[in-house]
Amino acid sequence: MEILMCVAVGILFAVAVFLILSRSLLRIVLGMSILTHGVHMLLMTMSRLKTGAPPLLGEKAESYVDPLPQALILTSIVINFGLTAFFFVLSYRSYLKLRTDDMEEVRGRPYE
């Protein structure tokens, strides 16, 4: 199962880098979002995909699941949601101001 997850992470990273290197501002924002989802899957894969009981004191189980990677990923999802919303608002405002989302055209213009 870890091999399949590693392949999926690699595909997500490749798609994200392709989108980030494009000229459209919307594609750059979507690439950043896909990249963070790839990082979430990478964290889950690195923490080893295992099954077990929740780490509660009353449970008598042979193996327990580590809750730390899940807590880190949940925190990262919340931060990613806030950053994506901020990037969408920033790109919308820059589109209203400059009337383009092409990064090559934005680079050549002086700020008014």
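In short, a report on the structure. The written sequence of each chain sets the order in which its residues are numbered from 1. It should be noted that, the model being predicted, local features are given only for residues of pLDDT at least 70 and side-chain atom pairs only at 80 or more, the latter also being counted only at that level, while totals for whole chains, interfaces and linings use all residues. To get the side-chain values, take all heavy atoms of the structure and skip hydrogens and water.

**Section: a nonpolar patch on the surface**
As a reminder, the rule being used: Like-charged residues within 9 Å of one another, or nonpolar side chains (Val, Leu, Ile, Met, Phe, Trp, Tyr) within 5 Å, are grouped into patches, provided each residue has over 30% relative accessible area and no salt bridge. Here the Shrake-Rupley method, with its probe set to 1.4 Å, supplies the accessible areas, and only the displayed protein chains count as covering residues. Counted as salt bridges are all cases of a side-chain nitrogen of Lys or Arg within 4 Å of a carboxyl oxygen of Asp or Glu. Only runs of H or I of at least four residues qualify as helices and only runs of E of at least two qualify as strands under DSSP, and these elements are numbered from the N terminus. Only protein chains enter the calculation, and the probe is 1.4 Å; a residue is then buried if its accessible area is under 20% of its type maximum, exposed if over 50%, and partly exposed in between.
A surface patch of nonpolar side chains, about 380 Å² in accessible area, is lined by Ile3, Val7, Ile11 and Val15. Locating Val15 in the fold gives a position in helix α1 (residues 2–20). A relative accessible area of 37% places Val15 in the partly exposed class.

**Here's the deal with the pattern of salt bridges**
Applying the stated criterion across every chain, the model contains one salt bridge. The shortest N-O distance in the salt bridge between Asp102 and Arg23 comes to 2.7 Å. With Asp102 in the loop between α3 (68–98) and α4 (103–108) and Arg23 in the loop between α1 and α2 (25–46), this pair connects stretches of sequence that are 79 residues apart. The class of Asp102 is buried, set by a relative accessible area of 15%.

**A few points about the packing of α2 against α3**
This is how the line gets drawn: Orientation is described by axes fitted as lines to C-alpha atoms, over the contacting stretch for helices, and by angles from 0 to 180 degrees between their N-to-C directions. Here the word oblique covers every angle except those under 35 degrees (roughly parallel), over 145 (roughly antiparallel) and from 65 to 115 (roughly perpendicular). It only takes one pair of heavy atoms within 4.5 Å for two residues to be counted as in contact. Residue classes follow a fixed rule: Ala, Val, Leu, Ile, Met, Phe, Trp, Tyr, Cys and Pro count as nonpolar, while Asp, Glu, Lys and Arg count as charged, and any other residue, Gly among them, counts as polar.
α3 packs onto α2 with a crossing angle of 175° between their chain directions and a minimal axis gap of 10 Å. When the axis of α2 is compared with that of α3, the two are roughly antiparallel. Here α2 contributes Leu25, Leu26, Val29, Leu30, Ser33, Thr36, His37, His40, Leu43 and Met44 to the contact with α3, which in turn contributes Gln70, Ile73, Ser76, Ile77, Asn80, Thr84, Phe87, Phe88, Ser91 and Ser94. Considered class by class, the residues forming the contact of α2 with α3 number 10 nonpolar, 10 polar and no charged.

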